[in-house]
Amino acid sequence: MPAVGAQETEVDALFAALRRHGLAVDTRTASPTVAPRGNGGPAAVLDLAEDLLGAYLDDVAAGYAPFEDDPRAVARGLVAVQLAEHLTADHGDGVNRVRRVSLVLDEGAPRLVEERNDDGDAPPSADGPHDDPAVFAAELEALARHLREQGFDTEAVPGRATIRIDGRTVELPPDLYRVYLEAQEEEFEALGGDPRSHAWAAWCRLVAGLLRDGAPGLSLATAPDGEVRLVPHPTSDADPDPPLEWSAEPGH
Amino acid sequence: MNARIARPERRAAELTVVLVIIGLALGVTAAPASAAPPWGACGRSTPEDKIVRQFPAGITLRCGGPIGSSDPRHGYRHILARHRTDFENMAFGTGTFQNWRDVADLSIETIANDPDVTVPVGGNQLCMSRVIFLNDRRTGQLVRQQIVRMFINATTRDVNTLHPHQRHC
């Protein structure tokens, strides 16, 4: 990673690094954009103010100062990788849904924030267990609203733990729903911020992504290991429990 | 956290018991679905350098951080924050009950053992990528394949990030 020259800003250097990562950065407009990636839809907007980027690089470099000769160069490389990652990770289903990446001040510290086209609003009721009737109803409606915003013809079925979507259904037994989301929140305890918000965002993205990917319908079910998992409804002509497994080699 | 992270080991044992019982009932033997080794636990204040798991070729997944950040930049916390849903998406519908950590673990292990591509990128990092495969265990049929990219620190060989991608490094 070369040093930034006298005439080159940190933003310029970052855009150059993104181009080396194979991204087409267009800086002719007021808000630079990165051209669509694969089948990822419209261009993503980059909102990276020079002063915030400088502060962010300082922050990242500080973590490497004790053991790197040129921590600032390491920081530039890491931030370029981070940004390329935001813009190209295919979310496991072949599509990147990031539409804007911004540097913002969060409690005085610069932070990279991504906006995706499948971001969902938090449910109105954030207190109490997920299977509390009022909380459950509010979260079911919030999920249905999120799916509507994603373009699905969606409704929560009153009095039922079901969301109907274009002839498909998402079945969420309240007791399993509570176990599932609480397990996710427990996992997200490793991060800063509110684990409930992290879990909710992940949940909304997962459900919308799977439905968009053609899942015939979704249910929560208990796996043999006791973990509650989201599983597909079987199609009429398919094996209800296909023995699929990710592996290092094709075929066994 | 501990209970969840340790779950793959317990799952393997439970699944083995279930399959042995089924096997005895049917008069056949069956191999349990493979399960990833357990990952060390990372809680809210666990040190960034705590090892989650060591992989071949000196590659190490650590808790990462920064601690307390909702936007961690490296290690397990980064993968959890940014790519949990990506790997959960991949794990969805696998009848052998792999979960997101199983798929992420398999990806790191496979890339560490035998990467398809390894290239240096800026900031003393290496980008490594490899295809992994979704197979039907009964028929041996290849159902899907997916490239996964991993970025590691070239000196420490610590994992910075891991995510599915449409192209190799």
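Residues numbered from 1 in each chain as written. Chains lettered and ligands numbered in written order. Predicted model: local features only at pLDDT ≥ 70, side-chain atom pairs only at ≥ 80, totals over all residues.

### Some points on the environment of H78(B)
All names here are of chain B.
For step 1, the next point in the chain: Tracing the sequence through the fold places H78 in helix α3 (residues 75-91).
For step 2, the next point in the chain: Under the C-beta neighbour-count criterion, H78 is labelled buried, with 25 such atoms within 10 Å.
For step 3, the next point in the chain: Residues H78 and L162, 84 residues apart in the sequence, show an inter-C-alpha distance of 8.9 Å.
For step 4, the next point in the chain: When near neighbours in sequence (up to four residues on either side) are disregarded, H78 contacts G64, P72, R73 and T161. (Helix = DSSP H or I, 4+ residues; strand = E, 2+ residues; numbered from the N terminus. Buried ≥ 20, exposed ≤ 12 C-beta atoms within 10 Å, placed from the backbone. Contact = placed C-beta atoms within 7 Å.)

### Quick notes on the interface of chain B and chain A
For step 1, the next point in the chain: Contacts between the two partners involve 62 residues from chain B, matched on the other side by 58 residues from chain A.
For step 2, the next point in the chain: Contributions of two or more residues to the side of chain B that touches chain A are made by α2 (7-26), α3, α4 (100-113), β4 (125-136), β5 (142-153) and β6 (159-165) of chain B.
For step 3, the next point in the chain: Per-element accounting of the side of chain B that touches chain A gives the leading share, 11 residues, to α3(B).
For step 4, the next point in the chain: When its residues are assigned to classes, the side of chain B that touches chain A shows 23 nonpolar, 25 polar and 14 charged.
For step 5, the next point in the chain: Relative to β4(B), strand β11 (residues 244-247) of chain A is paired through four bridges, and the arrangement is antiparallel. (Nonpolar A, V, L, I, M, F, W, Y, C, P; charged D, E, K, R; others polar. Pairing = 2+ DSSP bridges.)

### Considering the packing of helix α1 (residues 10-20) of chain A against helix α2 (residues 50-64) of chain A
The packing of two helices is summarised by the inter-axis angle and the distance between the axes.
All names here are of chain A.
For step 1, the next point in the chain: Following both chains from N to C, one finds α1 and α2 inclined at 75°, their axes separated by 9 Å at the closest point. In terms of axis orientation, α1 runs roughly perpendicular to α2. The residues of α2 that touch α1, namely those facing E10, V11 and L14, are E50, L53, G54 and L57.
For step 2, the next point in the chain: Among the residues forming the contact of α1 with α2, the class breakdown is four nonpolar, one polar and two charged. (Axes fitted to C-alpha atoms, helices over the stretch in contact; angles between N-to-C directions. Parallel < 35°, antiparallel > 145°, perpendicular 65-115°, else oblique.)

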